[in-house]
Amino acid sequence: MAPQRAVQLSLKKPTYAVCVVGVETYVDVHSDVPKGAETFGVSGSPGVEVFVIYDPARVTVPTGKTRWPLDANVDVTVSVDAASKDLHDLKVKVSYFGRQEAGTLGHSVLYLTAVDVSLDVDTGRTGKVKRNHDEKKTWRWGPEGYGAVLLVNCDRDSVVSAGPDLTNSQLATLDDLQDMSPMVLSCDGPDSLFDSHKLVLNVPFPDARRVGVFCARGGTSLEDYKQVLGPQRLSYEVERQPGERKISFFVEGLAFPDVDFLGLVSLSVSLVDTGTLPEVPLFTDTVAFRVAPWIMTPNTQPPLELYACSVVDSHGSNKKFLEDMSDLALKANCKLIICPQIENRNDRWIQDEMEFGYTEAPHKAFPVVFDSPRNRGLKHFPYKRILGPDFGYVTREILFAGASSLDSFGNLDVSPPVTVGGKEYPLGRILIGSSFPKSGGRRMAKVVRDFLQAQQVQAPVELYSDWLSVGHVDEFLSFVPTSDQKGFRLLLASPIACLKLFQQKKEEGYGEAAQFDGLRHQVNRSINEMLADSRLRRDSLYAQKCIDWNREVLKQELGLTEQDIVDIPQLFFLKGSHAEAFFPDMVNMVVLGKHLGIPKPFGPIINGRCCLEEKVRSLLEPLGLRCIFIDDYLSYHELLGEIHCGTNVRRRPFSFKWWHMVP
């Protein structure tokens, strides 16, 4: 409820005032009182509701409630429920009485003109604007929450626009209105009232660079819509036309939440009396919005599009790899999009360049690509080729230093939905690699970490990845969907599991079976040789310790048990002080539903089958998954990457609505 406006009465002449529908007006019955008056009576004309407010502990209610004591504990307010048809067409009369039963000692008359002023948005989060008096000024999380939502207008709906729509102060296409949240201003009342009063729309200075407002004037051409609030304009005098009762606005977000922006913005409208100097605001109505966050999608969400790059290097083109990706996409019923060499400038690491997510409001959702600050050959691909109609774009740049390997988005992942100690994370938790637990070292840029943290809905967890040469979390973990009650498994690279498997095969008499058998560019290593290689064992056990540290963090921060984790055989060797995969890193897979594109490990062949592949199949296929091993050795593994690094997947958004959670 809006704060009450006070109106002071006079015994000498009528008082004229403007009141707002649904807002109580305080009538001062104490300031100008006839001498000897001890009681008063108050009445209102049809359409005026009169309230006498008193303290029951101190005031005795008079018989018939007709004559109230002129006591400091008795006050009067009035309210109206409909706009006036004419000026001063509503009346309140106050009569004053003395101690005796004689007639009145005097009268005060108040003439009211009621105007209906209300600023309304989709506080109920239904996709439609409904009038609301009580809950529109604040914003509340949760299934019983309320408050309107803004989309950041970061797509590009018109092909003639140079950048995202949020950079334009003029509409380039009417389709852009679908990305904005509706807002309705009610402004009913006698037209003549607005000769001496005006309506002013305002945005607070801190919010002005984060929100834009367009006014709709009912037509179907672009000229019928103009931006009235935004970074360069903090207020707008509403151009109300005679007889106009409602005016429509469209509101866009201009910035995602970040370290200096909690995501909340407000807009207000004021009814201003222009007949006084200075001009006096008689009433202000305010609405609050929260800007929708950028949300990542985990491997457990169904795939929609698979991205890969066409490149040529000293081994030739990666045509065979792209054919394998095409077959995999066909099996998973998702679309394959190939970035040509002319656009990727021979940069194949498309996972490192960008991360697909989405943003959502009750009325609409669309995908948003987050462009990493690595800025290599694929630097322009997300902006030039992915940004488009209903496909948004966001980035964060490192201003005063170059990007490290940990700023690439192979070092950015997200878990499936989890519950940790009774706290639910229905959209999962973001995972990023860092230099923990050692001091110093490489860490993802603060500007990126701050952005991810500020979204609030996928609370980030920092893992230890700086032990790896490339330093990405996708080198030692992945998530896969399962059809059981848990719904997923965490896959972790495991040197111990690999050494145990090789020892088992040695004891079964297969010690001479060779790793890398069939690879022309790699020297074969028998199981016996690998088990006898003390340096390989030492390096792999060091990697195991690093992975085990992460294992405990993941169990604690994601609420996992050992039954939720699958150990995938993998060996590592140290190059300097950092580790690299000894053979193609099988957890660095692309997950397309139940179809897994796994780097072919070229493990020892036993009875015509790769024992590493057979082990992985035995671990994953009982979970309903299909393992498809793909040769990425020359085109990716030798360059310190694998299939996941060289692909990217856009996935279906969550059905769960982010505003229903409680961060």
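Residues numbered from 1 in each chain as written. Predicted model: local features only at pLDDT ≥ 70, side-chain atom pairs only at ≥ 80, totals over all residues. Heavy atoms only, no water.

The name given to the chain in an unreviewed UniProt entry is Protein-arginine deiminase, with the source organism recorded as Panthera pardus. Comment text from UniProt for the chain, heading Cofactor (unreviewed entry), reads "Ca(2+)". The record in UniProt for the chain states the following under Catalytic activity (unreviewed entry): "L-arginyl-[protein] + H2O = L-citrullyl-[protein] + NH4(+)". (UniProt positions renumbered as here; feature names shortened; annotations may be inferred.)

A. Representation of the overall build of the chain in the model. Scanning the chain from N- to C-terminus turns up nine helices and 44 strands. Its C-alpha radius of gyration of 34 Å places the chain more than 25% over the 26 Å reference for a compact globule of 663 residues. Overall, the C-alpha framework of the chain stretches about 120 × 55 × 45 Å when taken along its three principal axes. Counting every position in the chain, which comprises 663 residues, the buried fraction comes to 56%. Sequence separation of at least 24 residues holds for 72% of the intrachain contacts in the chain that already meet a minimum separation of 6. (Helix = DSSP H or I, 4+ residues; strand = E, 2+ residues; numbered from the N terminus. Rg over C-alpha atoms; globule rule 2.2 N^0.38 Å. Buried < 20%, exposed > 50% of the residue type's maximum accessible area, 1.4 Å probe, protein only. Contact = heavy atoms within 4.5 Å.)

B. Looking closely at the nonpolar core. Grouped together as the largest cluster of nonpolar side chains are 71 residues, with contacts concentrated most on M183, L201, F249, L267, F289, L452 and W658. When residues in this core are grouped by element, the largest group, five residues, is from strand 18 (residues 280–291). L492, L499, L501 and F572 belong to the second-largest nonpolar core, a separate cluster that totals 65 residues. (Core = buried A, V, L, I, M, F, W, Y, C linked by side-chain atoms within 4.5 Å.)

C. View of the packing of aromatic side chains. Tallied over the full model, the rule gives 25 aromatic pairs. Between W139 and W658, the aromatic rings sit 5.9 Å apart at their centres with planes inclined by 10°, giving stacked as the arrangement. One end of the pair, W139, is in the loop between strand 9 (106–120) and strand 10 (148–150); the other, W658, is in the segment after strand 44 (647–651), and 519 residues separate them in sequence. By the burial criterion, W139 is buried, and W658 matches it. Judged by centre distance (5.6 Å) and plane angle (70°), the ring pair of W141 and W658 falls under edge-to-face. One end of the pair, W141, is in the loop between strand 9 and strand 10; the other, W658, is in the segment after strand 44, and 517 residues separate them in sequence. The same class applies to W141 as to W658, namely buried. Above the ring of W139, the side-chain terminus of R125 is found at 4.1 Å from the ring centroid. The ring centre of F602 lies 5.6 Å from the NZ or CZ of K600, which sits over that ring. (Phe/Tyr/Trp six-rings, centres within 6.5 Å; stacked < 30°, edge-to-face > 60°. Lys NZ or Arg CZ within 6 Å of the ring centre and 35° of its normal.)

D. Fine view of the UniProt feature "domain: Protein-arginine deiminase C-terminal" (unreviewed entry) in the chain. If you check UniProt for "domain: Protein-arginine deiminase C-terminal" (unreviewed entry), the listed places come out as residues 282–660 in our numbering. In the segment residues 282–660, helix accounts for 24% and strand for 31%; the C-alpha atoms at its two ends are 36 Å apart.

E. Region of interest: helix 5 (residues 446–454). Taken together, the buried positions of helix 5 are occupied by V448, R449, D450, F451, L452 and A454. As for helix 5, its buried residues are in contact with strand 25 (364–371), strand 26 (392–395), strand 27 (412–414), strand 30 (430–434) and strand 31 (461–464). Positive backbone phi, at 75°, marks Q456, one or two positions downstream of helix 5.

F. Region of interest: the packing of helix 6 (residues 495–507) against helix 9 (residues 611–620). The geometry of helix 6 relative to helix 9 is characterised by a closest axis approach of 11 Å and an angle of 120° between their N-to-C directions. For the crossing formed where helix 6 meets helix 9, the hand is right-handed. Facing helix 6, whose interface residues are C498, L501, F502 and K505, helix 9 presents C611, L612 and K615. When the residues that make up the contact of helix 6 with helix 9 are grouped by side-chain class, the tally is five nonpolar, no polar and two charged. (Axes fitted to C-alpha atoms, helices over the stretch in contact; angles between N-to-C directions. Left-handed = near helix turned anticlockwise from the far one by under 90°. Nonpolar A, V, L, I, M, F, W, Y, C, P; charged D, E, K, R; others polar.)

G. Geometry of the sheet that holds strand 26. One open sheet accounts for four strands, arranged 19-24-25-26; its pairing is mixed. With partners counted over all chains shown, the strands left at the sheet margins are strand 19 (295–296) and strand 26, one partner each. With eight bridges connecting them, strand 24 (residues 354–361) and strand 25 associate as antiparallel partners. Paired with E360 across the two strands is A365, which belongs to strand 25. (Pairing = 2+ DSSP bridges.)

H. Fine view of the environment of V238. Relative to the assigned elements, V238 resides in the loop between strand 15 (235–237) and strand 16 (246–253). V238 gets classed as buried once you look at its relative accessible area, which sits at 8%. Spatially, the C-alpha atoms of V238 and C215 are 9.1 Å apart, while their sequence positions differ by 23 residues. In this view, V238 contacts L185, L199, L201 and I247; residues no more than four positions away in its chain are not counted.

I. Quick look at the pairing of strand 36 (residues 565–569). Among the five residues in strand 36, four count as buried, and that is most of the element. Pairing geometry for strand 33 (residues 488–494) and strand 36, over five bridges, is parallel. Across the sheet, L491 pairs through a bridge with V566, a residue of strand 36.

J. Up close: the pairing of strand 43 (residues 626–630). Taken across its five residues, strand 43 has four buried, putting it largely inside the fold. Bridge analysis of strand 40 (residues 595–599) against strand 43 gives five bridges, and the strand direction is parallel. In the strand pairing of strand 43, I598 is matched with F629.

K. The sheet that holds strand 1 (residues 5–8), seen in detail. What the four strands build is an open sheet, ordered 1-3-7-5; its pairing is mixed. What marks the edges here is a single partner per strand, and that holds for strand 1 and strand 5 (48–54). Across this sheet, the average inter-strand angle for adjacent strands is 30°, counted without regard to direction. Pairing analysis gives seven bridges linking strand 5 to strand 7 (residues 74–80), with the strands arranged antiparallel. Paired with V52 across the strands is V76, a residue of strand 7.

L. Quick look at the state of the cysteines. Tallied over the full model, the rule gives zero disulfides. In this structure C611 is not part of a disulfide, and its nearest cysteine sulfur, from C610, lies 5.6 Å away. Given the relative accessible area of 6%, C611 is considered buried. Of all cysteine sulfurs, the one in C610 lies closest to C627, which takes part in no disulfide; the gap is 12 Å. (Disulfide = S-S within 2.5 Å.)

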